[in-house]
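Observations on chain architecture
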Amino acid sequence: MPSNTSKNKEELLVGIVNLVSDYDIINNQFWYRIPVDSAEKMLKKRWPPDWIAFYYTAEIKKYPQMIIHYGKVSNITMDTRKELFPSEKQNYKTSKRYYNISFEAIRILPNPILSRRGRRIVFIQTTFEKFIKAREVNDLLDGSALEDRLWAEFKRNKISADRQEVVKIDNNFYFLDFTIYCKKGKINIETDGDRWHHNAMGSGKDYARSNDLTSNGWSVIRFDSEQIHEKMETYCIPTVKTTINKLGGIDIDNDAVKRFLKHDPGASYPTYFEEVE
């Protein structure tokens, strides 16, 4: 039997579930499918998973916008849709190939992993250790050391931010380090590592990206490694709090907060913050 240490380092994949029919398959037949082309494009670097967990969208009324079920992967095969659903009428997906991930009986988390707001989630690759310790979806995400440090400070200061959100502007998809939705605007916060952002090509792309975001209603804040390491309490956090206040305070997702408070009644989710002169 593997030790707890080796188990903690095992890979875990969180898949999206937005159909009741898929929820029924997961809970009664213990398998989950991922299109092969999607896996090759998005998951190749950390494939295959040792564990599988499921993020239920708002369509799953019993467990909306949360992760509560997971299982140990027992087998992965490559099957066509026809093989997975032999009674389904032939259609354009019939010959499409899927990874069929079989897992042992459903396991249930003692406390669900919740989402702060409705957001687009496709797949999350993480470790079993992060999964077991997570209280919310943002805790599962792997980021740079700078991102992780800033995220820890956001949590300590009770700033309701989301990590690694994908935003589409025209034909461009942007992966944002952090997002905060306010009543009068949106904030994107980026952590700029020295190696990439001091490169001329990287800086040029960042300027174009920031311009696209700004022209579509985003306030963009960038912190470099020196600011995050040396000026977190004197500059970074005060800058974020001031920007939140100027934009009318955080626009809280009330339904999501109700779910958080159900499992942690003592939690608080401020919308405005005291500013240090």
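This text gives an overview of the structure that appears in the document.

Calculation notes
- Numbering of residues starts from 1 in each chain and follows the order in which that chain's sequence is written.
- With the structure being a predicted model, the display of local features is reserved for residues of pLDDT at least 70 and the display and counting of side-chain atom pairs for 80 or more, all residues being used for whole-chain, interface and lining totals.
- Side-chain descriptors were evaluated using all non-hydrogen atoms of the structure, hydrogens and water having been removed beforehand.
- Relative accessibility under 20% of the residue-type maximum defines a buried residue, over 50% an exposed one, and the middle range a partly exposed one, all with a 1.4 Å probe and only protein chains included.
- Numbering of helices and strands starts at the N terminus; helices are DSSP runs of H or I of at least 4 residues and strands are runs of E of at least 2.
- The pairing criterion is simple: DSSP has to find at least two bridges between the two strands.
- Axis definition: a line fitted to C-alpha atoms, over the contacting stretch in the case of helices. Angles run 0 to 180 degrees between N-to-C directions.
- Throughout this description, any angle smaller than 35 degrees is read as roughly parallel, any larger than 145 degrees as roughly antiparallel, any in the 65 to 115 degree range as roughly perpendicular, and the remainder as oblique.
- Helix crossings get a hand from a simple test, with the near helix turned counterclockwise from the far one by less than a right angle marking a left-handed crossing and a clockwise turn marking a right-handed one.
- The contact rule is simple, with two residues in contact once any of their heavy atoms fall within 4.5 Å.
- Residues are grouped as follows: nonpolar covers Ala, Val, Leu, Ile, Met, Phe, Trp, Tyr, Cys and Pro; charged covers Asp, Glu, Lys and Arg; every other residue, Gly included, is treated as polar.
- Buried residues of nine kinds, namely Ala, Val, Leu, Ile, Met, Phe, Trp, Tyr and Cys, make up a nonpolar core once their side-chain atoms join them within 4.5 Å.
- Working rule for helices: expected span equals 1.5 Å times residues minus one.
- Axes are fitted to the seven residues ending at a residue and to the seven starting at it; the angle between these axes is taken as the bend at that residue.
- Stacked, edge-to-face and tilted labels apply to pairs of Phe, Tyr and Trp rings (six-membered ring for Trp) whose centres lie within 6.5 Å, assigned for plane angles under 30 degrees, over 60, and everything in between, in that order.
- The rule is short: NZ of Lys or CZ of Arg within 6 Å of the ring centre and within 35 degrees of the ring normal puts a charge over the ring.

Let's talk about the pairing of strand 10 (residues 185–192)
Most of strand 10 sits inside the fold, with seven of its eight residues counted as buried. As judged from the five bridges shared by strand 9 (residues 172–182) and strand 10, these two strands associate in the antiparallel manner. Paired with Thr179 across the bridge in strand 10 is Asn188. Between strand 9 and strand 10, which pair antiparallel one after the other, the connecting turn spans two residues. Relative to strand 11 (residues 218–224), strand 10 runs parallel, the two being bridged by seven bridges. Residue Ile187 lies in a different strand from strand 11, and its bridge partner there is Ser219.

Details of the packing of helix 6 (residues 145–156) against helix 10 (residues 232–246)
Their axes nearest at 11 Å, the elements helix 6 and helix 10 cross at an angle of 70°. By the angle class used here, helix 6 and helix 10 are roughly perpendicular. Pair helix 6 / helix 10 crosses with right-handed handedness. Counted together, Arg149, Leu150, Glu153, Phe154 and Arg156 of helix 6 and Met232, Glu233, Ile237 and Val240 of helix 10 form the full contact between these two elements. Each residue belonging to the contact of helix 6 with helix 10 can be placed in one class, and the counts come to five nonpolar, no polar and four charged.

Section: the environment of Ala134
Within the secondary structure, Ala134 is located in the loop between helix 5 (128–133) and helix 6. Given a relative accessible area of 10%, Ala134 falls into the buried group. Setting aside residues no more than four positions away along its own chain, Ala134 makes contact with Ile113, Asp139 and Leu140.

Focus: the nonpolar core
If you look at the biggest cluster of nonpolar residues, it comprises 48 residues, and the most contacted ones within it are Tyr56, Phe154, Ile180, Ile189 and Ile244. In terms of residue count, the dominant contributor to this core is helix 10 (five residues). For Tyr56, the residues in contact, after removing those within four places along its chain, are Val17, Tyr23, Ile26, Asn27, Tyr63, Pro64, Gln65, Met66, Ile68 and His69.

Quick look at helix 10
Between the first and last C-alpha of helix 10 there are 20 Å, a value that for 15 residues agrees with the 21 Å anticipated at 1.5 Å per step. Along helix 10, the largest kink reaches about 30° and is centred on Pro238. Turning to helix 10, its buried residues number three or more, namely Met232, Cys236, Ile237, Val240, Lys241, Thr243, Ile244 and Asn245. Buried residues in helix 10 make contact with helix 6, strand 9, strand 10, strand 11 and helix 9 (225–230).

Let's talk about the packing of aromatic side chains
Given two aromatic rings, their pairing is described by the distance between the two centres and the angle made by the two planes. This model, assessed by the stated rule, comprises 16 aromatic pairs. An angle of 55° between the planes, with centres 6.4 Å apart, marks the rings of Tyr70 and Phe128 as tilted. Taken together, the positions of Tyr70 in strand 4 (residues 66–80) and Phe128 in helix 5 put the pair 58 residues apart, joining distant regions of the chain. Neither residue differs from the other here; Tyr70 and Phe128 are each classed as buried. Relative to Tyr235, the ring of Phe223 has its centre 5.9 Å away and its plane inclined at 80°; by these criteria the two rings are edge-to-face. One end of the pair, Phe223, is in strand 11; the other, Tyr235, is in helix 10, with twelve residues separating them in the sequence. Among the aromatic side chains, those forming a connected cluster through ring pairs are Phe30, Tyr32, Phe54 and Phe103. We note Arg33 situated over the ring of Tyr98; from NZ or CZ to the ring centre the distance is 6.0 Å.

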